[in-house]
Amino acid sequence: MESMTFVLFGATGDLAKRKIFPALYNLFLDEKIPPSISIIGSGIEEMSDIDFQNGVRQSVETFSRRLINNHSKIEDFISSFCYKALDATNNKDYEDLLDLVQRREEELGIPENRMFYLSVAPDFFDLIALNIKESGLGSTKGWKRLIIEKPFGHDLTSAQDLNEKLSQAFKEDEIYRIDHYLGKSMVQNLEALEFANPILQSLWNNQHIANVQITASETVGVEKRADYYDQAGAIRDMVQNHMLQLVMMTAMHLPKKLSSHEIRDEKRKVMESLRSIKKEDVGLHIIRGQYDAGEIHGQPVVKYTDEPKIDSSSQNDTFVAARLWIDNSFWNGVPFYIRTGKRMKDKSTRIVIEFKNYLKDLYENQDETVEPNLLIIEINPHENVALQLNSKNPLKNGKIEPVRVEFAADQKGAPEAYERLIFDALTGDSTFFAHWKEVELAWEWIQPILEAFEENLLPLYLYSSGSYGPDEANHLLDEDGFKWWLDE
Ligand code: BG6
């Protein structure tokens, strides 16, 4: 891998401590970062290089999936780090940063390959990107890349506005937009499940699939993020990005080549075929909810509007379920149901593919019921693939019962999402990053829903904490003769 400079804006923040430094450390141990790398952290506060390096060491000690058992290795690792205080609004600070970058490039004999990771509040994305350009930091003889993480805008217009500004400083293929769901190993594995298995590939269409159900349930509440979450809601926080990415990854067609370009092109086509919902019709296909008091794992928890810093009259959505239609020849007639919420019964991200049950009648004539075949893809917190089949149970006089054939990948020692994503960005592989077109199409689809929510055109259902969300989310499937699987 080519040597480079890695500039981390927001280096004193929480994400840097919890995820980015530990990820870099694990990549270092696996020799997946170049031996000659200059890592420059920047933040608003003044700090010496030594203090910064100590902070990095501490974050690795606290959050790394691998313990530090070799003292000289961690010292070697942190010796690549130095610190530069920077006020994001001060042009002079960027010029000083450029001096430092160039000095280190010279000292270490590093070509002008520069990675800029903006681990800062999204309000600063455009400002920093434009200053990278203005100061000359972005004028390199090598490559330059930008990593940013959602939210990319607050609605369609603000997202377009942000993108327009970013693109003044970076080309689309230089921008790596992290959606950490795309870093999850089972999400990355969807591609192999769908395309490397002719058995599944031949069934991956509307002739064989009855419906697709995607759930991302959480037990946590709003936590300490009231300011952000009460403005965002589940619709912006989870649906616009993670849930639609899961829809794209599930519904994309077999690309001609497995290149980043072709895969992202197929994902874009899914979004282009996603049937838009008119603002007046949002209530027919979308259920929104807000958590009420209840119990999570036996512990009482308060309702959303009693959470600290949440207004008692807040109409914010902490749960969204939706029915989506993909109008193309592969998916016509197959509903995709998605749901996500906070304070639900368990933490689970999963995709359930329900296959059509053609032979049901044959067996019903014999007084036997056969369940549909299911493909269950567990993404988080367990990673597992299970196929539900029907089989005679010899202990029950040959009665037909569903059985599950399971494959659980051994995840011990596997890299974490941020390791995978940072490594891909360092090597210039953008497959598992969101392309602007995907992001824009996702906002276009979400926009009427945001408006319907704001204008209160549909009810906000309360659901007990510790449940699977409001009953109305079940009715959405009932209407089509289906039910959510695995709500046990
Ligand atoms: C984040 C959201 O993007 O994803 C959080 O902002 C949410 O609200 C989190 O809790 C869920 O991620 P994961 O990986 O725990 O499913």
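Predicted, not measured: the structure shown is a model, and the values here were computed from it.

*Asks:* Describe a nonpolar patch on the surface, naming the residues involved and giving the relevant values.
*Replies:* Together, Tyr358, Leu359, Leu362 and Tyr363 make up an exposed nonpolar region whose accessible area comes to about 430 Å². Relative to the helices and strands, tyrosine 363 is located in helix α12 (residues 360–364).

*Asks:* Break down the sheet that holds strand β5 (residues 144–149) for me, citing the residues and quoting the values.
*Replies:* With respect to topology, six strands assemble into an open sheet ordered β3-β2-β1-β4-β5-β6, the strand pairing being parallel. Single-partner strands in this sheet number two, and they are β3 (81–85) and β6 (175–178). Sheet twist, expressed as the average angle between the axes of neighbouring strands with direction ignored, equals 20°. As defined by bridge partners, strand β4 (residues 114–118) adjoins β5 across four bridges and the pair is classed as parallel. The partner of methionine 115 across the bridge, within β5, is arginine 145. Strands in contact with helix α5 (residues 125–135) are β1 (4–9), β4 and β5; relative to β4, the strand with the most contacts, it is inclined by about 160°.

*Asks:* Hey, could you go over helix α1 (residues 14–29) for me, with residue numbers and the actual values?
*Replies:* Here α1 is 16 residues long and its end C-alpha atoms lie 22 Å apart, about the 22 Å a rise of 1.5 Å per residue gives. Roughly 30° is the biggest bend found in α1, and it falls at isoleucine 20, with proline proline 22 one to four residues downstream. Count one or two residues on from α1 and you reach glutamate 31, which has phi positive near 55°.

*Asks:* Give me the packing of helix α9 (residues 226–251) against helix α10 (residues 260–273): which residues, what numbers.
*Replies:* Packing of α9 against α10 leaves a shortest axis separation of 9 Å and a crossing angle of 110°. As summarised for this structure, α9 and α10 are arranged roughly perpendicular, according to the angle between their axes. In the crossing of α9 with α10, the sense of the turn from one axis to the other is right-handed. Each of Leu244, Gln245, Val247, Met248, Met249 and Ala251 in α9 lies in contact with α10, whose residues at this interface are Lys267, Val270 and Met271. The residue makeup of the contact of α9 with α10, split by class, is seven nonpolar, one polar and one charged.

*Asks:* A description of unusual backbone geometry should follow, citing residues and the corresponding values.
*Replies:* The omega torsion across lysine 150 and proline 151 is 10°, close enough to zero to call that bond cis. The topology assignment puts proline 151 in the loop between β5 and α6 (156–169). For the bond from asparagine 380 to proline 381, the omega torsion is 0°, close enough to zero to count as cis. Mapping proline 381 onto the fold places it in the loop between β13 (374–380) and β14 (384–393). Of note in this structure, glutamate 31 is not a glycine but carries a positive phi near 55°. Tracing the chain through its elements places glutamate 31 in the loop between α1 and β2 (37–43). Backbone geometry at asparagine 397 places phi at a positive 55°, although glycine is not the residue there. Relative to the helices and strands, asparagine 397 is located in the loop between β14 and β15 (399–407). With relative accessibility at 80%, the residue asparagine 397 sits in the exposed group.

Reading the values: the criteria
- Residues numbered from 1 in each chain as written.
- Predicted model: local features only at pLDDT ≥ 70, side-chain atom pairs only at ≥ 80, totals over all residues.
- Heavy atoms only, no water.
- Patch = residues over 30% accessible without salt bridge, like charges linked within 9 Å, V, L, I, M, F, W, Y side chains within 5 Å.
- Areas by Shrake-Rupley, 256 points an atom, 1.4 Å probe, with all protein chains shown as cover.
- Salt bridge = Lys/Arg side-chain N within 4 Å of Asp/Glu carboxyl O.
- Helix = DSSP H or I, 4+ residues; strand = E, 2+ residues; numbered from the N terminus.
- Pairing = 2+ DSSP bridges.
- Axes fitted to C-alpha atoms, helices over the stretch in contact; angles between N-to-C directions.
- Contact = heavy atoms within 4.5 Å.
- Expected span 1.5 Å × (residues − 1).
- Bend = angle between axes of the 7 residues up to and from the residue.
- Parallel < 35°, antiparallel > 145°, perpendicular 65-115°, else oblique.
- Left-handed = near helix turned anticlockwise from the far one by under 90°.
- Nonpolar A, V, L, I, M, F, W, Y, C, P; charged D, E, K, R; others polar.
- Buried < 20%, exposed > 50% of the residue type's maximum accessible area, 1.4 Å probe, protein only.

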